[in-house]
Amino acid sequence: MKKAIIVVVLVGMFTWAVYDFTKSAENANPPTDEATSASEGNEKDGYKIVSQPDSSATQADAPKETREIGLNVGNIAPDFELKTLDGETVQLSDFRGQRVMLNFWASWCPPCRAEMPDMEKFYQNKDVKILAVNLTQTESGIQDVRDFVKEFDLSFPILLDKESNVASTYQIQPIPTSYMINSEGVISFKTLGALNYDLMVQEFEKMR
């Protein structure tokens, strides 16, 4: 009988000691709403999200604005590489640091013919690079392009888009289509249709 009582007392004391130890541990590290939120936020849709260190330093080192490649004003103009009528390879990104007028045209297009004299005047009078991309796949032959250049006495580079890859990248539909691209490669102006000299100069002066 005494042994039974002693065993019961010992078991009770052991149970109390375990309970007291557990309670003390919980009081030392009480759960908080923040901890709960973090726990809930670390797993979503079956994927565990690993917490990252404070990113304030990284954000401070990041550029003030991130430019995307695209076709809208404020986007970086998509890069491309084409050969000129003279066989020279030209890449748009080679002209970083310079202001560029990118023009899409064809010899059979009346508005293209109308704006070409103004483009040549613009090229001669301003420190601008003109890249005139001919939609060569729509021409009956290269000779049409050569005759056009000779007729208007054009001195800026004529690029041949023989497979219409660049026209596709720039989603060209009506022509002429022109882009003004600043020295950082960012589109500052876009227009569908012919431009006159005054408007070319106006948009050029806005670029840096």
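Residues numbered from 1 in each chain as written. Predicted model: local features only at pLDDT ≥ 70, side-chain atom pairs only at ≥ 80, totals over all residues. Heavy atoms only, no water.

### Focus on the side chain of Asn75
Part 1: Along the chain, Asn75 falls in the loop between α3 (56-61) and β3 (81-84).
Part 2: Asn75 gets classed as buried once you look at its relative accessible area, which sits at 15%.
Part 3: Polar contacts involving the side chain of Asn75 include one to the main-chain amide nitrogen of Leu71, which spans 3.4 Å.
Part 4: Those residues in contact with Asn75, other than ones at most four positions away along the chain, are Glu68, Ile69, Gly70, Gly185, Val186 and Ile187. (Helix = DSSP H or I, 4+ residues; strand = E, 2+ residues; numbered from the N terminus. Buried < 20%, exposed > 50% of the residue type's maximum accessible area, 1.4 Å probe, protein only. Polar contact = N/O pair within 3.5 Å; in protein donor to acceptor, adjacent residues only side chain to side chain. Contact = heavy atoms within 4.5 Å.)

### Considerations on the pairing of strand β5 (residues 100-105)
Part 1: Most of β5 is tucked away: six of the six residues are buried.
Part 2: Burial along β5 is two-sided: Val100, Leu102 and Phe104 facing one way and Met101, Asn103 and Trp105 facing the other are all buried.
Part 3: Bridge count for β5 against strand β6 (residues 129-134) is six bridges, and the pairing is parallel. Bridge pairing links Met101 to Ile130 in β6.
Part 4: Bridge analysis of β5 against strand β8 (residues 177-181) gives five bridges, and the strand direction is antiparallel. Bridging from a neighbouring strand, Asn103 pairs with Ser178 of β8. (Pairing = 2+ DSSP bridges.)

### Some remarks on unusual backbone geometry
Part 1: The linkage connecting Ile175 with the following residue, Pro176, adopts the cis geometry, with an omega of 0°.
Part 2: Residue placement: Pro176 occurs in the loop between α6 (165-169) and β8.
Part 3: Notably, Asp153 is not glycine yet its phi reads approximately 50°, a positive angle.
Part 4: As for its position among the elements, Asp153 is in the loop between α5 (142-152) and β7 (158-160).
Part 5: For Ser164, which is not a glycine, the phi torsion comes out positive at approximately 60°.

### Overview of the nonpolar core
Part 1: By size, the foremost hydrophobic cluster in this structure holds 50 residues, and its most contacted members are Phe104, Phe122, Ile158 and Tyr170.
Part 2: For this core, the element with the most residues is β5, which contributes five residues.
Part 3: The contacts of Tyr170, once residues within four sequence positions are left out, are Leu71, Ala77, Pro78, Phe80, Leu92, Leu102, Phe104 and Tyr179. (Core = buried A, V, L, I, M, F, W, Y, C linked by side-chain atoms within 4.5 Å.)

### A look at α5
Part 1: Among all positions in α5, only Val145, Phe148, Val149 and Phe152 are buried. Projected down its long axis, α5 shows its buried positions confined to an angular sector of 95°, all on one face.
Part 2: Of the surrounding elements, those touching the buried residues of α5 are β5, α4 (110-125), β6 and β7.
Part 3: Residue Asp153 follows α5 closely and has a positive phi angle near 50°. (Arc of directions from axis to C-beta.)

### Some remarks on the sheet that holds β7
Part 1: With respect to topology, seven strands assemble into an open sheet ordered β4-β3-β7-β6-β5-β8-β9, the strand pairing being mixed. Both outer strands of the open sheet, β4 (89-91) and β9 (187-192), are each paired with one neighbouring strand and no more. Taken pair by pair, the neighbouring strands of this sheet meet at an average axis angle of 30°, ignoring direction.
Part 2: Its contacts with the sheet put α5 on β5, β6 and β7, and the angle it makes with β7 is roughly 170°. (Axes fitted to C-alpha atoms, helices over the stretch in contact; angles between N-to-C directions.)

### Section: the packing of aromatic side chains
Part 1: Throughout the structure, instances matching the rule amount to seven aromatic pairs.
Part 2: Judged by centre distance (5.8 Å) and plane angle (80°), the ring pair of Tyr123 and Phe156 falls under edge-to-face. You can see Tyr123 sitting in helix α4 and its partner Phe156 sitting in the loop between α5 and β7, a full 33 residues away along the chain.
Part 3: Look at Tyr123 and you get partly exposed, because its relative accessible area is 23%.
Part 4: In this structure an aromatic cluster arises from ring pairing among Phe80, Phe104, Tyr170 and Tyr179.
Part 5: Sitting over the ring of Tyr197, Lys121 keeps its end group 4.3 Å from the ring centre. (Phe/Tyr/Trp six-rings, centres within 6.5 Å; stacked < 30°, edge-to-face > 60°. Lys NZ or Arg CZ within 6 Å of the ring centre and 35° of its normal.)

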